[in-house]
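Single-letter residue listing:
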Amino acid sequence: MREERLKTTAGLRGSPALPLSAWRGRSGRRYVVGVHPAGGFDLDEMAQAVVIAVRRDNAGIAEMVSVASSSESPRDHLRRTWLDRVRRRGATEMHVHRLAENDVERVAIVEDLQVDTVEPAQV
């Protein structure tokens, strides 16, 4: 699995550019994500989403730390545990994919993105 950085431009009427990126799964499908700093990441951002915890090396290359899907029901204690764990493992960014329509699609995306060294989670 690899990140494919996207070029974005400033939004309409001078708003700042939305930080976007994409990940390509084993299937070849591309998943567009919003990029958020890990330090200030809000648990609410995980609702109904696929979240990829990422750390970058000195050259700016992204390495997936973990990938998780979040169901529609709030489970803040599980989300908080997962966030704490990936931050301890060096995650500096959270990449959030929100285009899956339901839990089944989110689980399929996690399976497509995960690699043997990455720990998948349902939070």
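Residues numbered from 1 in each chain as written. Predicted model: local features only at pLDDT ≥ 70, side-chain atom pairs only at ≥ 80, totals over all residues. Heavy atoms only, no water.

Caption draft 1: The pattern of salt bridges, seen in detail. Applying the stated rule across the entire model yields four salt bridges. When the shortest N-O distance is used, the salt bridge between Glu45 and Arg98 registers 3.3 Å. Pair noted here: Glu45 is in the loop between β3 (30–37) and β4 (50–56) and Arg98 is in the loop between β6 (93–97) and α2 (103–113), with a separation of 53 residues, a long-range link. A relative accessible area of 29% means that Glu45 is categorised as partly exposed. Of the charged contacts in the structure, one is a salt bridge between Arg106 and Asp103, with a shortest N-O distance of 2.7 Å. Within this pair, Arg106 and its partner Asp103 are both found in helix α2, separated by three residues, close to a single helical turn. Looking at Arg106, the relative accessible area reads 1%, which means it is buried. (Salt bridge = Lys/Arg side-chain N within 4 Å of Asp/Glu carboxyl O. Helix = DSSP H or I, 4+ residues; strand = E, 2+ residues; numbered from the N terminus. Buried < 20%, exposed > 50% of the residue type's maximum accessible area, 1.4 Å probe, protein only.)

Caption draft 2: Seen up close, the side chain of His95. With respect to the helices and strands, His95 occurs in strand β6. Side chain to side chain, His95 and Trp23 meet in a polar contact 2.9 Å long. Setting aside its immediate chain neighbours within four residues, His95 contacts Glu3, Ser21, Trp23, Val33, Gly34, Val35, Val50, Val51, Ile52, Val54 and Arg56. (Polar contact = N/O pair within 3.5 Å; in protein donor to acceptor, adjacent residues only side chain to side chain. Contact = heavy atoms within 4.5 Å.)

Caption draft 3: Focus on α2. Within the sequence span of α2, burial applies to Arg106, Ile109, Val110, Asp112 and Leu113. Projected onto a plane normal to the axis of α2, the buried residues spread over an arc of 160° and lie on a single side. Sitting at the amino-terminal end of α2 is Asn102, which places a side-chain oxygen 3.1 Å from the backbone nitrogen of Val104. (Arc of directions from axis to C-beta.)

Caption draft 4: Region of interest: the environment of Val35. Mapped onto the elements of the fold, Val35 is located in strand β3. You can call Val35 partly exposed: its relative accessible area is 21%. As a C-alpha pair, Val35 and Ile52 span 17 residues in sequence and 9.5 Å in three-dimensional space. Residue contacts for Val35: discarding those within four places in its chain leaves Pro19, Leu20, Ser21, Glu93, Met94 and His95.

Caption draft 5: Seen up close, the nonpolar core. One finds Phe41, Val51, Ala53, Trp82, Leu83, Val86 and Met94 to be the most contacted residues of the largest nonpolar core, which totals 15 residues. Among the secondary structure elements, those contributing two or more residues to this core are β4, β5 (62–69), α1 (76–88) and β6. Ranked by residues supplied to this core, first place goes to α1 with three residues. Grouped together as the second largest cluster of nonpolar side chains are 13 residues, Val50, Val67, Ile109 and Leu113 included. (Core = buried A, V, L, I, M, F, W, Y, C linked by side-chain atoms within 4.5 Å.)

Caption draft 6: View of the pairing of strand β2 (residues 20–24). Summarising the sheet, β2 and β3 pair through five bridges and their orientation is antiparallel. Along β3, the bridge assignment pairs Ser21 with Val33. Hairpin connection, β2 to β3: the antiparallel pair is bridged by five residues, and Gly28 has positive phi, about 95°. (Pairing = 2+ DSSP bridges.)

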